Each structure stands twice: as C-alpha cells, then as structure tokens.
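# Notes for the structure review
Next come the chains, spelled out residue by residue.
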There are 2 protein chains.
Amino acid sequence: MIDSRLTTLRVFARCGTVAATAELTGYSPSAVSAQLRELQRVLGLQLLTKDGRGLRLTATGRFLVTGSDPMIAEWERLRAAAMEAGGQMQAHFGLGGFSSAAAQLLAPLAATLRSVHPLVEVQVLEANPARCFDLLVAERIDLAVIVAMQSDMHADEDQRFEQTTLLNDPLDVILPSDHRLATRETVTLEELATDPWITEAPGSAYHALFTAAFTAVGVTPRIAHEAVEWETQIAFVGAGLGVGLLPRLATLGSAENVTRLPISGRGKPSRRIVAAVRKGSIGSPLIKDSLAILQDRAKRILTERLEDEL
Amino acid sequence: MIDSRLTTLRVFARCGTVAATAELTGYSPSAVSAQLRELQRVLGLQLLTKDGRGLRLTATGRFLVTGSDPMIAEWERLRAAAMEAGGQMQAHFGLGGFSSAAAQLLAPLAATLRSVHPLVEVQVLEANPARCFDLLVAERIDLAVIVAMQSDMHADEDQRFEQTTLLNDPLDVILPSDHRLATRETVTLEELATDPWITEAPGSAYHALFTAAFTAVGVTPRIAHEAVEWETQIAFVGAGLGVGLLPRLATLGSAENVTRLPISGRGKPSRRIVAAVRKGSIGSPLIKDSLAILQDRAKRILTERLEDEL
DNA sequence: TCGATCATGCACCCATCCTGCACCATTCCC
DNA sequence: GGGAATGGTGCAGGATGGGTGCATGATCGA
C-alpha cells in the first residue's frame, strides 16, 4: 500500500549502502539505485549525496525516513485491523530469528501455523538480531524472535518496532559429568570461581551476558577457551576443558559427558527473549496467534528441559 | 506514495459508482473496476458487494476507507514537512472553486502563483463544493475555495479535510437605480419588507442563506422571481422587477441601473468563504502561500468594491 | 418492452520497472 | 603506488502491470 520506493529508502537508511539494500530487499543494485533516483525525482527533493564511493542521506532524507515512521505504523495498524475485522489472514508471513531461538521456537511455530492456517505461506529466515530488524523494515519478515541486548535497549523507543517479552531464558551451568559438582542439584557461580571457563569472544552478545553474570556476584572468572557455537562449547566441556554457561533454551543435543545444572544463589543470570514486529502490526490476527503460540511453546520447553536433562 | 488503488477506493466511497469514480479520477471505468478487484485480491478482503446494477461498500470496505484517513493525513503532513524542510515545491498544484469564488479569488491566485513559482504547474477547476471535496479526495486538486454551508457543518469534523475561514462575505442589497431607497448610504432589510424579491430556487445554498437573513430580522419577504445565476438576478433587478441580495464578492459587472447598498441594522447576513485542503497538507509551503494570498486578495476586493460601487 | 445506466470481461498496447552487464570512482592493501 | 575489492550507475533488453476501448450482461425506470 505504501510505495515500495519509500520502503527501499528506509532500508537504505538502516544499512547505508545500495548493495546491502539490494541484498535485503531482493532487488538488484541497479533497481535500488533507480528507485532512489526516481523517489527523489517525484518528490522533487534531494535525499542522498555522494560520500566517497558510497551514498549518504541528506538531512531531508533523514527527515523523510524518520518522519515516515508514523505513517508506516498507521498502515500496519490499519491492515491489522482490517484483517481482524474481515476475519482474513495475509497470504504471506515471514519469520526471522537467531540460532537457538530459531531452532527451538520458530520451527515449531512455523509448523503449527502451517497446520492451523494452511492458506498462509509461512517462511522462516535465520538471521542475527540486527539483520532481523533490517528484514522487518524491508518487509521481508513480519515477526522476529531475538535476544534482547543492552545495546538494543534503545530499540524499545524506536518508532519503527514494537517488542514483547516472550520469556526470560535462564542460563544454566554445564560441566563435565565427572566434575566434582556434577552430582549437585544446583550450583552457584561462586563455587565455580576457580574453574576454567569457556565462553564466546569478547564483543559478542553472549560474552557481555557472561561477564554481567559474574560481576553481579563479584567473581572474576578465569577464561580458558573461546567458542562461537553452542555445539563447540558443549564439546569443549564434554572433553573436560572447562565449564560454561548455556541458556536453558539451547539443547544439549547428543552431547556425552556433559551435565546441566541450574544456578542458585544471588544473581541468577538470564537472557531475555523478545518478539519484535513492525509498529502497528501487533493487532494482526496472525501475529497475535503467533505470540500466543510462542509463549506457550517457550513455557513448555523451559519446564520440560528441566525435567529431562537435570 | 500511497497506493493509487486505495485512493480509488476512497473516491468510490464518496461517489458510490464506478462510473463516477472513473470520471473523478481520470481513469476509465474498466480501470477503476480492475483496480478495485485487484485491491481486494492483494488484501484478501471483500470490500464491495453487488447491489442492484451497482456496487456497495461492505462493512470491511467502509472500515478500510475511514480507517485510512489517519494514514493519508500522516502522509500529507510528512510531504508538507519534507517540502518545507527541503525548500521545495510540488510540481503540480490543483485549485478548485465555485462560481464567484473561483472567478474573484482563484484566478488571481493562480496568476500570482504562476509568477512567484514559475516551476509549479498550476491548474484551476471550477466545480461545486461537493465536487470540490470529491476532487480533493481524488487528489486532482490540492486546495478548494468554497462557500461554507450549514449542510457542510459536519465537514469540520471530517477526518479527511481541514478548513480555514478566508473571509465573511457580507450580502449587500441590490436595487434598481430609480428605487426609492437607491440614494441611501445603507439600508435595512425591514425597510425592504414589502418589495418584491428575486432569489434562487428553494433548496439551493443561496436560498437557505436568503431565508436565514430574513428570519433573523423577523421579516417574511415576498419572493417574486427566481434566478440561478448572479448575472440573471442582476439583470432582473436592473429591469426593475424587484430587489435582491448579492454577496459583496460577486461583481456587478457592466450592469446598468443597478445600485448596491450595504445592509445596516440587526442581522447583517453574510456567507462564509472557506478554504479546504486535505488533512495534514496545511503545512505545505505552497498551501500556506496560497492561503496568505487568498486572504490578502479577499480583504482587498472587499474594501475596493465598497469604494468603487457604493 | 425499450432505453438508460452500470459494471465487467477481453484484446491490445504502452509505460514501468527489473535484470545483467559494463563501466567509473574510491578505498584498501600489499 | 599499483592492483584488487568495493560501491554506484548507465544502458540495452525483456517481462509484466495496468490502462484504453469496445462489447456484453445485468438492472432499473418509464
């Protein structure tokens, strides 16, 4: 309903280059370039200027992008209300999500939606949080499941999105099955202060969560190894190289010799899993359905995993 | 920026038939029909139903039309603000107006705009008030100058338009130059209670104004003749058939034997001339310029006409 | 029953717009 | 400083969307 060239401009405003905009929107770079030129022509405004080998938004361009937020939200609201009023569903529904969230929450959601609403074409894209927001703006996806991060805190005030917390995913300790504490019911971080820890490289979202957990209890962990994927980290632990933290939502899989223990005591760390949608679209029947399914699913996984693996 | 098919639907909502929508938007009837069908397809909603040989909006359709008002207004606001911020003007500017208003106010406005902003293509359409609103919705015109009427009072609350009063156009009395009161400076309606009056057919906007003026002073005029155009009415008066009321904005032209006198005493009648624009567009530079020019022009005409003709 | 009014399907056609490629500018890196 | 990588844009070509004009079917009024 809204001119696609405006959407293209908005995507450009997020990623900053024509090439990236093309990749996100699914157009060719030439098409993006032409669309932006055309948009400036019909509005009679200069929205972009050359900046080195790239392009940069002018003040007018930035104004147009942020100023269009209310209109986009208004349209989403209207569409959602019309869908609700007419008892209809949109024909296409895109989901985006990040690693464990995607695997554990989005796959079942997509399956459920497929069976409940067979006429809706559901598509799932695995993508990191930043890209998820890009995809939301580009209208490639309609709902994203991501891990809330401190750096995204300002995203709550973003006029483009609306977020709802799905669950607080607690971090558990994973340790080798022959570890001295492996037979305990629960464990505190203080008790593991001297153990070698396995974590992700500094700068990652998980690493920030990791250090926050320890500073909360006043302990400085000894970091022995770094891993990028949960799989790798679990294998390191299984091999006896150290101990680590694992979100309860992440599955241990078929890992041998690894025990999962919930953390007790002060400062139980957790990561917040949130669902993000374009502002205004929260009232859409499909999205309301999806949020309900996701929350139900999240709750069930959390309790089941405790019973199964601990 | 907004999908033209939505605009088409909104015009249809005002006029009720595909043919009239086609005429207003400038499309062919086939095109309108196809657009409405396509709009329903992409939204997956039934917006229209057959009703006899015509079409009728469904509840969903009405919902979509009225619900889209805020979005349209938001877009107009954004466009106006972007124009202002970028110091630009839109390339096309449409004006609409009614009879004497068009002749006396819009023609000079168009001329002024043409000289001040030579790059803007100005177009004037003479149309009655109802059609002016249709043309505003259809985006054929951007500003309409109309006579406010009691039946349009609810138009103030219409979510689609914004109106600003340009001037109160007082009604003068016109009488034959050999009339017993023709040498007076001013006249009251009571003094003319027994004279034969010339007015427009009952049901017209002017007639309503006419009767309101007399009921205000408690006099029942004797209506002798009916005329549709000012020209005709003035000719009747010049021929000595009776007396009449004429808005000060309307010119006497080259009429012979006709004298114009302002009305004094209680209940000086006047008609309100208002400018109407699409909601949100009031901040546009061109519109702000136009309103200023119109008000200036209106004021000058009012005072000049008094000196010239009285 | 005839004409007028409306909506719509169909054939045709034109404008829009996207792709793929080539080309130019800038920056990075060796 | 030169070559490669990155980023943007122009152009030819082609598909598609969408508009026009006409014919047709349906309904209403006289």
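What counts and what doesn't
- Residue numbers run consecutively from 1 along every chain, following the written order of its sequence.
- The order in which chains are written sets their letters, starting at A; the order in which ligands are written sets their numbers, starting at 1.
- Where totals are concerned, whole chains, interfaces and linings use all residues; where local detail is concerned, this predicted model gives features only for residues with pLDDT of at least 70, and gives and counts side-chain atom pairs only at 80 or more.
- The side-chain quantities take in all heavy atoms of the structure and omit both hydrogens and water.
- Segmentation into domains, and thus their bounds, comes from an automatic or database assignment.
- Two residues qualify as a contact provided that any one of their heavy atoms is within 4.5 Å of a heavy atom in the partner residue.
- Put simply, buried area is how much 1.4 Å-probe accessible surface two parts lose in total, over both of them, once they are put together.
- Here a strand is any run of E in DSSP of at least two residues, a helix any run of H or I of at least four, and the numbering for each starts at the N terminus.
- A 1.4 Å probe rolled over the protein chains alone gives each residue an accessible area, and that area as a share of the maximum for its type sets the label: buried under 20%, exposed over 50%, partly exposed in between.
- Here a cavity denotes a set of grid points, spaced 1 Å apart and computed over the protein atoms alone, in which a 1.4 Å probe fits but from which it cannot get out, and a pocket denotes an open set meeting protein on both sides within 12 Å along at least five of seven lines; residues with an atom within 4 Å of a point are reported as lining.
- Grid points are joined across faces, edges and corners, and a volume is the space filled by probe spheres set on the points.
- We call a residue near a molecule or strand whenever a single non-hydrogen atom of that residue lies within 4 Å of it.
- Pairs of N or O atoms are called polar contacts if they sit within 3.5 Å, as long as, within protein, a hydrogen donor faces a hydrogen acceptor (for residues adjacent in sequence, only side-chain-to-side-chain pairs).
- Three categories are distinguished: nonpolar for Ala, Val, Leu, Ile, Met, Phe, Trp, Tyr, Cys and Pro, charged for Asp, Glu, Lys and Arg, and polar for the others, with Gly belonging to the last.

### A look at the domain arrangement of chain A
Residue and element names in this part refer to chain A. Partitioning chain A into structural domains gives domain 1 (4-67), domain 2 (89-166 + 272-309) and domain 3 (168-270). Of note, the centres of domain 2 and domain 3, computed from C-alpha atoms alone, are 26 Å apart. In this assembly, 12 residues from domain 2 lie in contact with 13 residues from domain 3. When domain 2 packs against domain 3, the two sides together hide about 1300 Å² of surface, and 63% of this comes from carbon and sulfur.

### Points about unusual backbone geometry
Residue and element names in this part refer to chain A. Even without being glycine, Glu-139 reaches a positive phi, approximately 65°. Counting through the fold element by element, Glu-139 comes out in the loop between helix H7 (129-137) and strand S5 (143-147). Note on Glu-139: relative accessible area 39%, which makes it partly exposed.

### What about empty space enclosed by the protein?
Residue and element names in this part refer to chain B. Taken as a whole and judged by the stated rule, the model has 7 cavities of 30 Å³ or more. Put simply, the largest cavity is a space of about 100 Å³. Sorting the residues of the lining of the largest cavity by element identifies helix H1 (4-15), helix H5 (69-86) and helix H7 (129-137) as the ones contributing at least two each. At 3 residues, the largest contribution of residues to the lining of the largest cavity is made by H5.

### Observations regarding the side chain of Thr-188 of chain B
Along the polypeptide, Thr-188 of chain B turns up in the loop between strand S6 (161-176) and strand S7 (196-199). Assessed through its relative accessible area of 17%, Thr-188 of chain B is described here as buried.

### What about the protein's contact with DNA strand D?
Lining the immediate environment of DNA strand D, one finds 18 residues, of which Ser-30 and Ser-33 of chain A together with Ser-28, Ser-30 and Gln-35 of chain B sit closest. The contact atoms of DNA strand D, taken as those within 4 Å of the protein, divide so that sugar and phosphate hold 70%. Within the side chain of Arg-37 of chain A, a nitrogen or oxygen atom sits 3.4 Å from a phosphate oxygen of DNA strand D. Contributions of two or more residues to the surface near DNA strand D are made by helix H2 (18-25), helix H3 (29-43) and strand S2 (54-57) of chain A together with helix H3 (29-43) of chain B.

### A closer look at the protein's contact with DNA strand C
By nearness alone, 18 residues border DNA strand C, and Ser-28 and Gln-35 of chain A together with Val-18, Ala-19 and Ser-33 of chain B come closest of all. Of all DNA strand C atoms lying within 4 Å of any protein atom, the proportion belonging to sugar or phosphate reaches 71%. Arg-37 of chain B has a polar side-chain atom sitting 3.4 Å from a phosphate oxygen of DNA strand C. Within the residue set of the surface near DNA strand C, elements represented by two or more residues are H3 of chain A together with helix H2 (18-25), H3 and strand S2 (54-57) of chain B. By residue number, the principal contributor to the surface near DNA strand C is H3 of chain B, which donates 4 residues. Classifying every residue of the surface near DNA strand C gives 6 nonpolar, 9 polar and 3 charged.

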